[in-house]
Amino acid sequence: MTETEMMLKGYGLTTAEVFYRMPDYRNVLNSYVWQDYDLVPDHPRLFDFVDFWRREIEGPLHSVRFTHRRMIAPGEWRRVTGEFALH
């Protein structure tokens, strides 16, 4: 699916900031920013990513905070009947 098709089907941009501890230095917190198109309210791609992190990455998670924004809302489409080109 293209990004436009995903947006028309209700996907929106989800941005998550993942805080995790360093494997060798447990007192140090690092952050990682993750973005993908996802569906609300279940956020399947975000939770798949968090599950992947827990299984495959050595740095244990401290916390995850995220936000979601639909890129196209139903009221944002309108029919265009003409176009003017300027130099």
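Residues numbered from 1 in each chain as written. Predicted model: local features only at pLDDT ≥ 70, side-chain atom pairs only at ≥ 80, totals over all residues. Heavy atoms only, no water.

## Points about the overall build of the protein chain
Broken down by element type, the protein chain carries two helices and three strands. Going from N to C terminus, the protein chain has its helices and strands arranged as α-β-β-α-β. Counting all 87 residues of the protein chain, 22% fall into the buried class. By sequence separation, contacts in the protein chain at least 24 residues apart represent 60% of the contacts at least 6 residues apart. (Helix = DSSP H or I, 4+ residues; strand = E, 2+ residues; numbered from the N terminus. Buried < 20%, exposed > 50% of the residue type's maximum accessible area, 1.4 Å probe, protein only. Contact = heavy atoms within 4.5 Å.)

## Quick word on helix H2 (residues 44-56)
Every α-helix carries 3.6 residues per turn, so stepping three or four residues along brings you back to the same face. With 13 residues, H2 should reach 18 Å at 1.5 Å per residue; the first-to-last C-alpha distance of 18 Å fits that figure. On its buried face, H2 sits against strand E1 (12-21), strand E2 (29-38) and strand E3 (61-70). (Expected span 1.5 Å × (residues − 1).)

## What about the pattern of salt bridges?
Evaluation of the coordinates by the stated rule reveals two salt bridges. Where Glu-17 meets Arg-65, a salt bridge forms, and the shortest distance between an N and an O atom there is 2.8 Å. Highlighted residues: Glu-17 in strand E1 and Arg-65 in strand E3, separated in sequence by 48 residues. On the basis of relative accessibility, which here comes to 21%, the residue Glu-17 falls in the partly exposed class. (Salt bridge = Lys/Arg side-chain N within 4 Å of Asp/Glu carboxyl O.)

## Looking at the environment of Leu-46
Of note, Leu-46 is situated in helix H2. Spatially, the C-alpha atoms of Leu-46 and Phe-66 are 9.1 Å apart, while their sequence positions differ by 20 residues.

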